[in-house]
Amino acid sequence: MLTKLTSLRRALLLTLALGAASPAAVHAVGTAAGTNITSMATIDYSIGGTATTTNSNATTVVVAELLNVTMALQSPTVSVAAGASNKALLFLITNTGNSLEAFTLTGESVLVGDNFDPTPAAPFIYFDSDASGDLSPGDTPYVAGSNDPQLAADGSVAVLLVNDMPAGLPDGEYGRSELTATSNTGTGTPGTVLPGQGSGGVDAVIGTSGGEAAVFGQYLVGDILVSAVKAQAVQDPFGGSQPIPGATIAYQVVVTATGSGAALGATFRDPIPASTTYVAGSLRLNGTPLTDSVDGDAGSFALGPARVAVSLGDLTNATGPQTIDFRVTIN
Amino acid sequence: MSKSTHVLRLAMLAAALGGASSALAQTADRGCIELKTVAEIQETYTDARGNEATRLVPAAKVVPGDEVVWTIVANNTCTTPAGDIAITNPVPQHMRYVGSSAFGPGAQIVFSLDGSTFAAPEALVVAEADGTRRPARADEYSAIRWVLPRPMGPSESLMVRYRATVL
(Lines give C-alpha, C1' and ligand atoms only; values in the text may rest on other atoms or scores of the structure.)
Protein backbone atom coordinates (compact mmCIF):
# COMPACT_ATOMS: atom_id res chain seq x y z
CA MET A 1 0.00 0.00 0.00
CA LEU A 2 2.79 2.40 0.87
CA THR A 3 4.48 1.81 -2.46
CA LYS A 4 1.20 2.19 -4.26
CA LEU A 5 0.52 5.61 -2.74
CA THR A 6 4.04 6.77 -3.49
CA SER A 7 3.95 5.72 -7.10
CA LEU A 8 0.53 7.35 -7.47
CA ARG A 9 1.99 10.61 -6.24
CA ARG A 10 4.91 10.39 -8.63
CA ALA A 11 2.60 9.89 -11.54
CA LEU A 12 0.76 13.05 -10.60
CA LEU A 13 3.70 15.37 -10.22
CA LEU A 14 2.66 17.26 -13.31
CA THR A 15 -1.04 17.91 -13.28
CA LEU A 16 -2.76 19.91 -15.92
CA ALA A 17 -6.17 21.41 -15.61
CA LEU A 18 -8.09 23.58 -18.05
CA GLY A 19 -8.65 27.19 -17.10
CA ALA A 20 -12.37 26.70 -17.56
CA ALA A 21 -12.39 24.04 -14.87
CA SER A 22 -11.44 26.51 -12.16
CA PRO A 23 -13.24 26.14 -8.81
CA ALA A 24 -16.40 27.82 -7.59
CA ALA A 25 -17.69 30.65 -9.76
CA VAL A 26 -16.86 34.13 -8.53
CA HIS A 27 -19.90 35.98 -7.28
CA ALA A 28 -20.32 39.65 -8.01
CA VAL A 29 -21.41 40.41 -4.50
CA GLY A 30 -21.00 37.34 -2.37
CA THR A 31 -22.53 34.10 -1.29
CA ALA A 32 -26.23 34.53 -0.61
CA ALA A 33 -27.46 34.93 2.96
CA GLY A 34 -28.68 31.64 4.41
CA THR A 35 -26.29 29.49 2.36
CA ASN A 36 -24.82 26.55 4.26
CA ILE A 37 -21.09 26.06 3.75
CA THR A 38 -20.23 22.49 4.61
CA SER A 39 -16.85 20.84 4.86
CA MET A 40 -15.94 17.20 5.43
CA ALA A 41 -12.43 15.77 5.49
CA THR A 42 -11.36 12.24 4.64
CA ILE A 43 -8.46 10.25 6.05
CA ASP A 44 -6.81 7.33 4.28
CA TYR A 45 -4.63 5.08 6.38
CA SER A 46 -3.60 1.51 6.79
CA ILE A 47 -3.33 -0.68 9.80
CA GLY A 48 -1.25 -3.78 9.52
CA GLY A 49 -1.24 -3.30 5.76
CA THR A 50 -5.02 -2.98 5.30
CA ALA A 51 -6.17 0.30 3.81
CA THR A 52 -9.11 2.14 5.33
CA THR A 53 -10.89 5.37 4.56
CA THR A 54 -12.81 7.32 7.18
CA ASN A 55 -14.80 10.54 6.84
CA SER A 56 -14.92 13.27 9.42
CA ASN A 57 -18.13 14.82 10.65
CA ALA A 58 -19.63 17.36 8.24
CA THR A 59 -19.20 20.82 9.72
CA THR A 60 -21.48 23.58 8.49
CA VAL A 61 -21.29 27.33 8.83
CA VAL A 62 -24.22 29.50 7.79
CA VAL A 63 -23.70 32.62 5.72
CA ALA A 64 -25.29 35.58 7.49
CA GLU A 65 -26.85 38.55 5.71
CA LEU A 66 -24.31 41.25 5.01
CA LEU A 67 -25.76 44.78 5.03
CA ASN A 68 -23.84 46.92 2.60
CA VAL A 69 -24.77 49.72 0.22
CA THR A 70 -22.89 52.07 -2.06
CA MET A 71 -24.00 55.23 -3.81
CA ALA A 72 -22.47 57.08 -6.73
CA LEU A 73 -23.28 60.52 -8.08
CA GLN A 74 -24.13 60.14 -11.74
CA SER A 75 -24.59 63.77 -12.74
CA PRO A 76 -21.67 66.16 -12.95
CA THR A 77 -22.16 69.58 -11.37
CA VAL A 78 -25.48 70.88 -12.66
CA SER A 79 -25.51 74.37 -14.14
CA VAL A 80 -28.50 76.34 -12.96
CA ALA A 81 -29.87 79.85 -13.23
CA ALA A 82 -30.80 81.71 -10.04
CA GLY A 83 -34.48 81.08 -9.30
CA ALA A 84 -34.65 77.93 -11.45
CA SER A 85 -36.98 75.19 -10.25
CA ASN A 86 -36.97 71.36 -10.31
CA LYS A 87 -33.26 70.89 -10.93
CA ALA A 88 -32.30 67.25 -10.50
CA LEU A 89 -29.14 65.50 -9.30
CA LEU A 90 -28.85 61.84 -10.34
CA PHE A 91 -27.55 59.11 -8.00
CA LEU A 92 -27.15 55.37 -8.39
CA ILE A 93 -27.71 53.27 -5.26
CA THR A 94 -26.35 49.68 -5.29
CA ASN A 95 -26.99 46.92 -2.77
CA THR A 96 -23.52 45.43 -2.25
CA GLY A 97 -24.80 43.07 0.44
CA ASN A 98 -25.70 39.44 -0.19
CA SER A 99 -29.47 39.46 0.14
CA LEU A 100 -32.62 41.34 -0.87
CA GLU A 101 -32.75 44.50 1.19
CA ALA A 102 -35.00 47.57 1.41
CA PHE A 103 -33.56 51.04 1.83
CA THR A 104 -34.93 54.29 3.23
CA LEU A 105 -33.96 57.42 1.30
CA THR A 106 -33.51 60.88 2.77
CA GLY A 107 -32.29 64.15 1.28
CA GLU A 108 -30.56 67.12 2.85
CA SER A 109 -29.79 70.47 1.23
CA VAL A 110 -28.47 72.42 4.23
CA LEU A 111 -24.83 71.41 4.04
CA VAL A 112 -21.49 72.97 4.90
CA GLY A 113 -18.84 73.62 2.26
CA ASP A 114 -21.01 75.43 -0.26
CA ASN A 115 -22.17 78.99 -0.93
CA PHE A 116 -25.93 78.61 -0.79
CA ASP A 117 -28.59 76.11 0.23
CA PRO A 118 -30.79 74.80 -2.55
CA THR A 119 -34.47 74.54 -1.61
CA PRO A 120 -35.85 70.99 -1.64
CA ALA A 121 -38.67 70.63 -4.17
CA ALA A 122 -41.86 68.83 -3.18
CA PRO A 123 -41.56 65.92 -3.70
CA PHE A 124 -37.84 66.01 -2.97
CA ILE A 125 -36.85 62.49 -4.12
CA TYR A 126 -37.90 60.66 -7.30
CA PHE A 127 -37.02 57.35 -8.91
CA ASP A 128 -35.63 57.90 -12.40
CA SER A 129 -38.34 55.50 -13.63
CA ASP A 130 -37.84 56.23 -17.32
CA ALA A 131 -34.03 56.16 -17.04
CA SER A 132 -33.80 59.55 -18.73
CA GLY A 133 -31.22 60.79 -16.25
CA ASP A 134 -33.30 63.85 -15.50
CA LEU A 135 -36.64 64.70 -13.96
CA SER A 136 -39.46 63.89 -16.37
CA PRO A 137 -43.21 63.31 -16.10
CA GLY A 138 -42.77 59.51 -16.02
CA ASP A 139 -40.70 59.56 -12.83
CA THR A 140 -42.27 58.18 -9.63
CA PRO A 141 -41.95 60.23 -6.43
CA TYR A 142 -40.41 58.42 -3.48
CA VAL A 143 -42.53 58.14 -0.34
CA ALA A 144 -40.63 56.88 2.72
CA GLY A 145 -42.05 53.65 4.12
CA SER A 146 -44.37 53.27 1.14
CA ASN A 147 -42.16 52.53 -1.85
CA ASP A 148 -38.75 52.03 -0.28
CA PRO A 149 -36.55 50.54 -3.02
CA GLN A 150 -36.14 46.77 -2.61
CA LEU A 151 -32.80 45.87 -4.09
CA ALA A 152 -31.65 42.33 -4.77
CA ALA A 153 -28.00 41.54 -4.03
CA ASP A 154 -25.98 43.54 -6.57
CA GLY A 155 -29.18 45.32 -7.68
CA SER A 156 -29.25 49.08 -8.14
CA VAL A 157 -31.71 51.93 -8.60
CA ALA A 158 -31.33 55.41 -10.09
CA VAL A 159 -32.68 58.18 -7.86
CA LEU A 160 -33.15 61.90 -8.47
CA LEU A 161 -32.80 64.56 -5.79
CA VAL A 162 -34.75 67.63 -6.90
CA ASN A 163 -34.15 71.19 -5.71
CA ASP A 164 -35.29 74.71 -6.53
CA MET A 165 -32.71 77.51 -6.62
CA PRO A 166 -33.16 80.66 -4.56
CA ALA A 167 -33.55 83.87 -6.57
CA GLY A 168 -30.86 86.51 -6.75
CA LEU A 169 -27.81 84.21 -6.49
CA PRO A 170 -24.60 85.57 -8.05
CA ASP A 171 -22.88 83.57 -10.80
CA GLY A 172 -20.19 81.12 -9.74
CA GLU A 173 -21.79 80.08 -6.42
CA TYR A 174 -22.09 76.43 -5.51
CA GLY A 175 -24.94 74.76 -3.64
CA ARG A 176 -24.89 71.17 -2.41
CA SER A 177 -27.60 68.59 -1.81
CA GLU A 178 -27.05 65.16 -0.33
CA LEU A 179 -28.89 61.84 -0.68
CA THR A 180 -28.67 59.15 2.00
CA ALA A 181 -29.72 55.51 1.63
CA THR A 182 -30.16 53.55 4.86
CA SER A 183 -30.61 49.79 5.16
CA ASN A 184 -34.03 49.05 6.69
CA THR A 185 -32.66 46.06 8.61
CA GLY A 186 -30.25 48.27 10.49
CA THR A 187 -27.16 50.45 10.56
CA GLY A 188 -24.23 50.80 12.91
CA THR A 189 -20.58 50.00 13.43
CA PRO A 190 -19.24 47.57 10.80
CA GLY A 191 -19.22 44.06 12.21
CA THR A 192 -22.23 44.61 14.48
CA VAL A 193 -24.44 41.52 14.54
CA LEU A 194 -28.21 41.87 14.44
CA PRO A 195 -29.31 38.40 15.61
CA GLY A 196 -32.03 36.79 13.55
CA GLN A 197 -32.80 39.96 11.61
CA GLY A 198 -31.46 38.85 8.24
CA SER A 199 -33.41 37.35 5.36
CA GLY A 200 -35.08 34.09 6.36
CA GLY A 201 -34.19 34.61 10.02
CA VAL A 202 -30.41 34.32 9.65
CA ASP A 203 -28.25 36.80 11.51
CA ALA A 204 -27.53 40.12 9.82
CA VAL A 205 -24.05 41.62 10.00
CA ILE A 206 -23.38 45.27 9.27
CA GLY A 207 -20.79 45.60 6.51
CA THR A 208 -18.05 48.11 5.86
CA SER A 209 -20.56 50.74 4.72
CA GLY A 210 -22.18 50.75 8.15
CA GLY A 211 -25.43 49.89 6.37
CA GLU A 212 -25.81 53.33 4.82
CA ALA A 213 -24.38 55.49 2.07
CA ALA A 214 -24.53 59.26 1.56
CA VAL A 215 -23.26 61.27 -1.39
CA PHE A 216 -23.77 64.92 -2.32
CA GLY A 217 -24.05 66.55 -5.69
CA GLN A 218 -23.81 70.21 -6.47
CA TYR A 219 -25.33 73.04 -8.44
CA LEU A 220 -23.37 75.91 -9.99
CA VAL A 221 -25.10 79.19 -10.64
CA GLY A 222 -24.60 80.76 -14.04
CA ASP A 223 -26.86 82.74 -16.32
CA ILE A 224 -25.95 80.80 -19.36
CA LEU A 225 -28.11 79.70 -22.24
CA VAL A 226 -27.11 76.86 -24.49
CA SER A 227 -28.80 76.85 -27.87
CA ALA A 228 -28.60 74.38 -30.72
CA VAL A 229 -29.48 75.22 -34.30
CA LYS A 230 -29.96 72.34 -36.71
CA ALA A 231 -29.76 72.50 -40.49
CA GLN A 232 -30.12 69.71 -43.05
CA ALA A 233 -29.21 69.09 -46.69
CA VAL A 234 -30.72 66.23 -48.74
CA GLN A 235 -28.89 64.58 -51.60
CA ASP A 236 -30.79 61.94 -53.59
CA PRO A 237 -29.14 59.16 -55.64
CA PHE A 238 -29.96 61.01 -58.85
CA GLY A 239 -28.04 64.17 -58.09
CA GLY A 240 -31.11 66.01 -56.86
CA SER A 241 -32.35 66.93 -53.39
CA GLN A 242 -35.50 64.81 -53.15
CA PRO A 243 -36.09 63.03 -49.77
CA ILE A 244 -36.61 59.60 -51.36
CA PRO A 245 -35.39 56.15 -50.20
CA GLY A 246 -31.64 55.97 -50.70
CA ALA A 247 -31.20 59.73 -50.35
CA THR A 248 -28.69 61.01 -47.80
CA ILE A 249 -29.49 63.73 -45.28
CA ALA A 250 -26.49 65.67 -43.95
CA TYR A 251 -27.29 67.29 -40.58
CA GLN A 252 -25.33 70.15 -39.11
CA VAL A 253 -25.98 71.30 -35.55
CA VAL A 254 -24.37 74.39 -34.08
CA VAL A 255 -24.32 74.56 -30.28
CA THR A 256 -23.66 77.94 -28.72
CA ALA A 257 -23.44 79.04 -25.09
CA THR A 258 -24.32 82.65 -24.36
CA GLY A 259 -24.39 84.53 -21.08
CA SER A 260 -22.29 84.39 -17.91
CA GLY A 261 -21.03 81.35 -16.01
CA ALA A 262 -20.53 77.91 -17.50
CA ALA A 263 -22.65 75.04 -18.79
CA LEU A 264 -20.69 72.21 -17.17
CA GLY A 265 -20.21 68.84 -18.83
CA ALA A 266 -22.46 69.70 -21.75
CA THR A 267 -23.41 66.73 -23.91
CA PHE A 268 -25.13 66.93 -27.27
CA ARG A 269 -27.50 64.03 -27.93
CA ASP A 270 -29.62 63.60 -31.03
CA PRO A 271 -31.87 60.65 -31.88
CA ILE A 272 -31.58 59.30 -35.42
CA PRO A 273 -34.95 60.10 -37.11
CA ALA A 274 -37.38 57.24 -37.75
CA SER A 275 -37.12 55.54 -41.17
CA THR A 276 -33.52 56.62 -41.56
CA THR A 277 -30.21 54.87 -40.92
CA TYR A 278 -27.12 56.49 -39.48
CA VAL A 279 -24.15 56.53 -41.90
CA ALA A 280 -21.38 54.81 -39.97
CA GLY A 281 -18.35 57.00 -39.29
CA SER A 282 -20.05 60.22 -40.39
CA LEU A 283 -19.93 61.99 -37.00
CA ARG A 284 -17.73 65.13 -36.81
CA LEU A 285 -17.06 67.81 -34.22
CA ASN A 286 -15.79 71.12 -35.65
CA GLY A 287 -14.74 69.25 -38.77
CA THR A 288 -12.75 66.54 -36.95
CA PRO A 289 -14.03 62.98 -37.54
CA LEU A 290 -15.14 61.10 -34.41
CA THR A 291 -15.33 57.32 -34.10
CA ASP A 292 -18.72 55.68 -33.48
CA SER A 293 -17.56 53.65 -30.50
CA VAL A 294 -17.44 54.90 -26.92
CA ASP A 295 -13.72 55.53 -26.57
CA GLY A 296 -11.16 58.28 -26.11
CA ASP A 297 -12.83 60.79 -28.42
CA ALA A 298 -15.88 62.89 -27.66
CA GLY A 299 -18.35 61.19 -29.99
CA SER A 300 -20.32 57.97 -30.05
CA PHE A 301 -23.20 56.27 -31.81
CA ALA A 302 -25.50 53.85 -29.99
CA LEU A 303 -28.54 51.77 -30.84
CA GLY A 304 -31.72 51.16 -28.88
CA PRO A 305 -32.93 53.77 -29.79
CA ALA A 306 -30.38 54.93 -32.35
CA ARG A 307 -28.69 58.18 -31.38
CA VAL A 308 -25.47 60.11 -31.69
CA ALA A 309 -23.82 61.80 -28.71
CA VAL A 310 -20.95 64.28 -28.45
CA SER A 311 -19.38 65.41 -25.17
CA LEU A 312 -18.71 69.13 -25.44
CA GLY A 313 -17.13 69.66 -22.03
CA ASP A 314 -17.71 72.89 -20.12
CA LEU A 315 -19.22 75.55 -22.37
CA THR A 316 -18.87 79.26 -21.69
CA ASN A 317 -19.43 82.41 -23.65
CA ALA A 318 -15.75 82.25 -24.64
CA THR A 319 -15.95 78.69 -25.99
CA GLY A 320 -17.60 79.79 -29.20
CA PRO A 321 -19.96 77.78 -31.43
CA GLN A 322 -19.48 74.00 -31.58
CA THR A 323 -20.38 72.46 -34.93
CA ILE A 324 -21.52 68.85 -35.10
CA ASP A 325 -22.05 67.02 -38.41
CA PHE A 326 -23.53 63.60 -39.14
CA ARG A 327 -25.38 61.89 -42.01
CA VAL A 328 -28.28 59.46 -42.32
CA THR A 329 -29.80 57.65 -45.30
CA ILE A 330 -33.54 57.39 -45.92
CA ASN A 331 -34.74 53.77 -45.75
CA MET B 1 -1.47 -7.89 21.33
CA SER B 2 0.91 -10.20 19.59
CA LYS B 3 -1.96 -12.52 18.81
CA SER B 4 -4.12 -9.85 17.14
CA THR B 5 -1.18 -8.68 15.09
CA HIS B 6 -0.71 -12.22 13.95
CA VAL B 7 -4.35 -12.44 12.87
CA LEU B 8 -3.98 -9.19 10.95
CA ARG B 9 -0.94 -10.51 9.16
CA LEU B 10 -2.85 -13.61 8.20
CA ALA B 11 -5.67 -11.49 6.90
CA MET B 12 -3.27 -9.48 4.78
CA LEU B 13 -1.73 -12.64 3.43
CA ALA B 14 -5.17 -13.84 2.41
CA ALA B 15 -5.83 -10.55 0.65
CA ALA B 16 -2.52 -10.69 -1.12
CA LEU B 17 -3.25 -14.16 -2.38
CA GLY B 18 -6.34 -12.81 -4.07
CA GLY B 19 -8.73 -14.93 -2.08
CA ALA B 20 -9.56 -12.14 0.35
CA SER B 21 -12.17 -13.12 2.86
CA SER B 22 -14.33 -10.07 3.43
CA ALA B 23 -14.99 -11.14 6.98
CA LEU B 24 -11.32 -11.09 7.75
CA ALA B 25 -10.78 -7.78 5.97
CA GLN B 26 -13.49 -6.20 8.08
CA THR B 27 -11.83 -7.50 11.20
CA ALA B 28 -8.83 -5.42 10.25
CA ASP B 29 -10.94 -2.30 9.66
CA ARG B 30 -11.85 -1.26 13.12
CA GLY B 31 -12.22 2.42 12.32
CA CYS B 32 -9.14 3.12 14.36
CA ILE B 33 -8.82 6.78 13.39
CA GLU B 34 -11.47 9.30 14.31
CA LEU B 35 -11.51 12.44 12.20
CA LYS B 36 -13.11 15.71 13.25
CA THR B 37 -13.60 18.95 11.30
CA VAL B 38 -13.90 22.26 13.15
CA ALA B 39 -14.73 25.71 11.71
CA GLU B 40 -13.43 28.76 13.53
CA ILE B 41 -12.79 32.43 12.87
CA GLN B 42 -10.00 34.55 14.26
CA GLU B 43 -11.25 37.20 16.62
CA THR B 44 -9.33 40.21 17.88
CA TYR B 45 -9.88 41.01 21.54
CA THR B 46 -8.30 43.05 24.29
CA ASP B 47 -6.58 40.94 26.92
CA ALA B 48 -6.40 41.57 30.68
CA ARG B 49 -3.37 43.83 30.24
CA GLY B 50 -5.18 45.92 27.68
CA ASN B 51 -3.22 44.54 24.72
CA GLU B 52 -4.80 43.49 21.47
CA ALA B 53 -4.62 39.76 20.92
CA THR B 54 -6.26 37.24 18.65
CA ARG B 55 -8.01 33.97 19.40
CA LEU B 56 -10.05 31.41 17.48
CA VAL B 57 -13.74 31.27 18.21
CA PRO B 58 -16.39 28.95 16.71
CA ALA B 59 -17.59 30.20 13.32
CA ALA B 60 -21.24 30.45 14.17
CA LYS B 61 -21.87 32.78 11.27
CA VAL B 62 -19.84 34.21 8.46
CA VAL B 63 -20.35 36.85 5.79
CA PRO B 64 -18.74 37.16 2.35
CA GLY B 65 -15.10 38.13 2.76
CA ASP B 66 -14.69 36.41 6.13
CA GLU B 67 -11.79 34.02 6.56
CA VAL B 68 -12.65 30.68 8.15
CA VAL B 69 -9.95 28.61 9.85
CA TRP B 70 -10.68 24.94 9.19
CA THR B 71 -9.01 22.52 11.56
CA ILE B 72 -9.04 18.76 11.06
CA VAL B 73 -8.08 16.61 14.02
CA ALA B 74 -7.21 12.93 13.62
CA ASN B 75 -7.05 10.67 16.63
CA ASN B 76 -5.78 7.10 16.56
CA THR B 77 -8.06 5.33 19.04
CA CYS B 78 -6.45 1.94 18.59
CA THR B 79 -3.44 0.36 20.21
CA THR B 80 -1.93 -0.28 16.76
CA PRO B 81 0.12 2.17 14.73
CA ALA B 82 -1.50 3.46 11.53
CA GLY B 83 0.54 4.15 8.41
CA ASP B 84 0.13 5.55 4.90
CA ILE B 85 -1.81 8.47 6.32
CA ALA B 86 -3.31 11.02 3.95
CA ILE B 87 -5.93 13.56 5.01
CA THR B 88 -7.89 15.09 2.16
CA ASN B 89 -10.20 18.10 2.33
CA PRO B 90 -12.02 19.62 -0.63
CA VAL B 91 -12.16 23.43 -0.40
CA PRO B 92 -15.84 23.92 0.47
CA GLN B 93 -18.28 25.33 -2.04
CA HIS B 94 -18.64 29.14 -1.80
CA MET B 95 -15.09 29.36 -0.44
CA ARG B 96 -11.65 30.10 -1.81
CA TYR B 97 -8.43 28.69 -0.38
CA VAL B 98 -6.10 31.31 1.15
CA GLY B 99 -2.60 30.91 -0.34
CA SER B 100 0.10 29.42 1.93
CA SER B 101 -2.40 28.85 4.73
CA ALA B 102 -2.26 25.03 4.75
CA PHE B 103 -0.36 23.79 7.74
CA GLY B 104 0.38 20.35 9.13
CA PRO B 105 3.35 19.44 11.35
CA GLY B 106 5.57 16.98 9.53
CA ALA B 107 3.14 16.51 6.65
CA GLN B 108 3.83 16.90 2.96
CA ILE B 109 1.08 19.17 1.60
CA VAL B 110 -0.20 18.74 -1.96
CA PHE B 111 -3.05 20.40 -3.80
CA SER B 112 -5.53 19.58 -6.52
CA LEU B 113 -7.21 21.60 -9.24
CA ASP B 114 -9.76 18.94 -10.21
CA GLY B 115 -10.29 17.31 -6.81
CA SER B 116 -8.81 13.97 -7.80
CA THR B 117 -5.18 14.45 -8.83
CA PHE B 118 -2.79 16.02 -6.35
CA ALA B 119 0.61 17.64 -6.75
CA ALA B 120 2.93 20.17 -5.18
CA PRO B 121 2.03 23.82 -6.02
CA GLU B 122 4.95 24.23 -8.47
CA ALA B 123 3.69 21.26 -10.51
CA LEU B 124 0.14 22.59 -10.90
CA VAL B 125 -0.35 24.22 -14.28
CA VAL B 126 -3.41 25.84 -15.82
CA ALA B 127 -3.98 25.95 -19.58
CA GLU B 128 -5.53 29.24 -20.70
CA ALA B 129 -8.09 29.44 -23.49
CA ASP B 130 -5.39 30.70 -25.88
CA GLY B 131 -3.25 27.62 -25.24
CA THR B 132 -0.65 29.27 -23.02
CA ARG B 133 0.16 27.65 -19.70
CA ARG B 134 0.74 29.32 -16.39
CA PRO B 135 1.28 28.20 -12.80
CA ALA B 136 -2.01 27.66 -10.96
CA ARG B 137 -3.00 30.29 -8.41
CA ALA B 138 -3.72 29.26 -4.84
CA ASP B 139 -7.30 30.47 -5.19
CA GLU B 140 -7.80 27.87 -7.93
CA TYR B 141 -7.07 24.91 -5.68
CA SER B 142 -10.13 22.75 -5.14
CA ALA B 143 -8.71 20.32 -2.59
CA ILE B 144 -5.85 19.98 -0.14
CA ARG B 145 -4.10 16.77 0.95
CA TRP B 146 -1.73 16.27 3.85
CA VAL B 147 0.44 13.19 3.45
CA LEU B 148 2.14 12.00 6.64
CA PRO B 149 5.49 10.33 5.93
CA ARG B 150 5.54 8.48 9.26
CA PRO B 151 3.09 6.21 11.06
CA MET B 152 0.73 7.52 13.69
CA GLY B 153 1.30 5.85 17.01
CA PRO B 154 -1.35 4.36 19.27
CA SER B 155 -3.50 7.06 20.93
CA GLU B 156 -1.68 9.74 18.97
CA SER B 157 -3.53 12.83 17.77
CA LEU B 158 -2.53 15.12 14.99
CA MET B 159 -3.95 18.33 13.63
CA VAL B 160 -3.88 19.96 10.21
CA ARG B 161 -5.28 23.33 9.31
CA TYR B 162 -6.00 25.70 6.44
CA ARG B 163 -7.88 28.93 5.87
CA ALA B 164 -10.47 29.78 3.25
CA THR B 165 -12.38 32.96 2.41
CA VAL B 166 -16.17 33.11 2.02
CA LEU B 167 -16.93 34.21 -1.55
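Residues numbered from 1 in each chain as written. Chains lettered and ligands numbered in written order. Predicted model: local features only at pLDDT ≥ 70, side-chain atom pairs only at ≥ 80, totals over all residues. Heavy atoms only, no water.

## Details of the overall build of chain B
Scanning chain B from N- to C-terminus turns up two helices and twelve strands. In sequence order, chain B lays out its α and β elements as α-α-β-β-β-β-β-β-β-β-β-β-β-β. Out of the 167 residues in chain B, the part that is buried amounts to 45%. Partitioning the contacts of chain B with sequence separation of at least 6, the portion at a separation of at least 24 is 71%. Split by element, the accessible area of chain B, about 8,600 Å² in all, is 53% carbon and sulfur. (Helix = DSSP H or I, 4+ residues; strand = E, 2+ residues; numbered from the N terminus. Buried < 20%, exposed > 50% of the residue type's maximum accessible area, 1.4 Å probe, protein only. Contact = heavy atoms within 4.5 Å. Areas by Shrake-Rupley, 256 points an atom, 1.4 Å probe, with all protein chains shown as cover.)

## Some thoughts on the overall build of chain A
Each helix and strand in chain A was counted, giving one helix and 27 strands. The burial tally for chain A puts 40% of its 331 residues in the buried class. Counted over contacts in chain A with a minimum sequence separation of 6, partners at least 24 positions apart contribute 72%. Total accessible area computed for chain A in this model is approximately 15,600 Å², and 56% of it derives from carbon and sulfur atoms.

## Details of the pattern of salt bridges
If charged atoms from side chains of opposite charge come close, those side chains can pair. Under the definition given, this model contains nine salt bridges over all chains. Asp270(A) is the partner of Lys230(A) in a salt bridge, and the nearest nitrogen-oxygen pair spans 2.5 Å. Within this pair, whereas Lys230(A) is found in strand E19 (residues 224-235), its partner Asp270(A) is found in strand E21 (residues 262-271), the two being separated by 40 residues in sequence. What makes Asp270(A) buried here is its relative accessible area of 11%. Between Glu156(B) and Arg150(B) there is a salt bridge, with its nearest N and O atoms 2.9 Å apart. (Salt bridge = Lys/Arg side-chain N within 4 Å of Asp/Glu carboxyl O.)

## Remarks on the sheet that holds strand E8 (residues 78-80) of chain A
All names here are of chain A. Here five strands make up an open sheet; going across it, the order is E8-E18-E15-E10-E13 and the pairing mixed. In the strand order of this sheet, the two ends are held by E8 and strand E13 (150-151), each with one partner. As defined by bridge partners, strand E10 (residues 101-108) adjoins strand E15 (residues 174-183) across six bridges and the pair is classed as antiparallel. Residue Thr106 lies in a different strand from E15, and its bridge partner there is Thr180. (Pairing = 2+ DSSP bridges.)

## Topic: the nonpolar core
If you look at the biggest cluster of nonpolar residues, it comprises 45 residues, and the most contacted ones within it are Ile85(B), Ile87(B), Trp146(B) and Tyr162(B). Take this core: its biggest share by element is five residues, from strand E12 (residues 157-166) of chain B. By size, the runner-up hydrophobic cluster in this structure holds 27 residues, among which are Val78(A), Ile93(A), Ile125(A) and Tyr142(A). (Core = buried A, V, L, I, M, F, W, Y, C linked by side-chain atoms within 4.5 Å.)

## Topic: the pairing of strand E2 (residues 52-58) of chain B
Residues and elements named next belong to chain B. Examined bridge by bridge, strand E1 (residues 33-46) and E2 share seven bridges and lie antiparallel to one another. From the neighbouring strand, Ile41 faces E2, where its bridge partner is Val57. Counting the residues between successive antiparallel strands, the hairpin from E1 to E2 contains five residues, one of them, Gly50, with a positive phi of roughly 85 degrees.

## Describing the environment of Leu113(B)
All names here are of chain B. Its location among the elements puts Leu113 in the loop between strand E7 (108-112) and strand E8 (118-119). Owing to a relative accessible area of 6%, Leu113 belongs among the buried residues under this scheme. As a C-alpha pair, Leu113 and Tyr141 span 28 residues in sequence and 4.9 Å in three-dimensional space.

## With respect to the state of the cysteines
Residue and element names in this part refer to chain B. The final tally for this structure, using the stated rule, is one disulfide over all chains. Between the sulfur atoms of Cys32 and its disulfide mate Cys78 the distance is 1.9 Å. With the S-S bond torsion at -95 degrees, the cross-link from Cys32 to Cys78 turns out left-handed. Of this pair, Cys32 sits in the loop between helix H2 (22-28) and E1 while Cys78 is found in the loop between strand E4 (67-76) and strand E5 (83-90), placing the two residues 46 residues apart along the sequence. There is no split in this pair, since Cys32 and Cys78 are both buried. (Disulfide = S-S within 2.5 Å.)

## Section: the sheet that holds strand E9 (residues 87-95) of chain A
Residues and elements named next belong to chain A. Taken together, the five strands give an open sheet; going across it, the order is E7-E9-E14-E11-E12, and neighbouring strands pair in antiparallel fashion. The outermost strands of the open sheet, each flanked by one partner alone, are strand E7 (69-73) and strand E12 (140-141). Here E9 pairs with strand E14 (residues 156-164) via eight bridges, running antiparallel. When the sheet's bridge partners are listed, Leu89 is paired in E14 with Leu161.

## What to know about the packing of aromatic side chains
Taken as a whole and assessed by the stated rule, the structure comprises eight aromatic pairs over all chains. Between the aromatic rings of Tyr278(A) and Phe301(A), the centroid separation amounts to 4.3 Å while the plane-to-plane angle is 15 degrees, which identifies the pairing as stacked. Of the two residues, Tyr278(A) sits in strand E22 (residues 276-278) while Phe301(A) sits in strand E25 (residues 299-302), which places them 23 residues apart along the sequence. Overall, the relative accessible area of 22% leaves Phe301(A) in the partly exposed class. For the cation-ring pair, Arg55(B) lies above Tyr45(B), with the distance from its terminal atom to the ring centre recorded as 3.8 Å. (Phe/Tyr/Trp six-rings, centres within 6.5 Å; stacked < 30°, edge-to-face > 60°. Lys NZ or Arg CZ within 6 Å of the ring centre and 35° of its normal.)

## A short note on unusual backbone geometry
With an omega of -5 degrees, the peptide bond running from Ala122(A) to Pro123(A) counts as cis. Summarising the element assignment, Pro123(A) is placed in strand E11 (residues 119-127). In this structure, Asn286(A) takes a positive phi of about 50 degrees despite not being glycine. Following the sequence through the fold, Asn286(A) ends up in the loop between strand E23 (284-285) and strand E24 (288-289). At Ser155(B), a position not held by glycine, the phi torsion is positive, near 65 degrees.

## What to know about the environment of Asn317(A)
All names here are of chain A. By the element assignment, Asn317 lies in the loop between strand E26 (307-316) and strand E27 (322-330). Placed 92 residues apart in sequence, Asn317 and Leu225 show a C-alpha to C-alpha distance of 9.2 Å. Beyond its immediate stretch of four places on either side in the chain, Asn317 contacts Ile224, Ala257, Thr258 and Gly259.

## So, the confidence of the model for chain B
Detailed reading of the predicted model is not advised wherever pLDDT is low. All names here are of chain B. For chain B, per-residue confidence averages 84 on the pLDDT scale, and residues scoring 70 or more make up 82% of the total. Note on residues 1-29: pLDDT under 50 across the span, and 14 contacts to partners over four residues away in sequence or across chains. With a pTM of 0.66, the predicted complex shows an ipTM of 0.78. (pLDDT = per-residue confidence, 0-100.)

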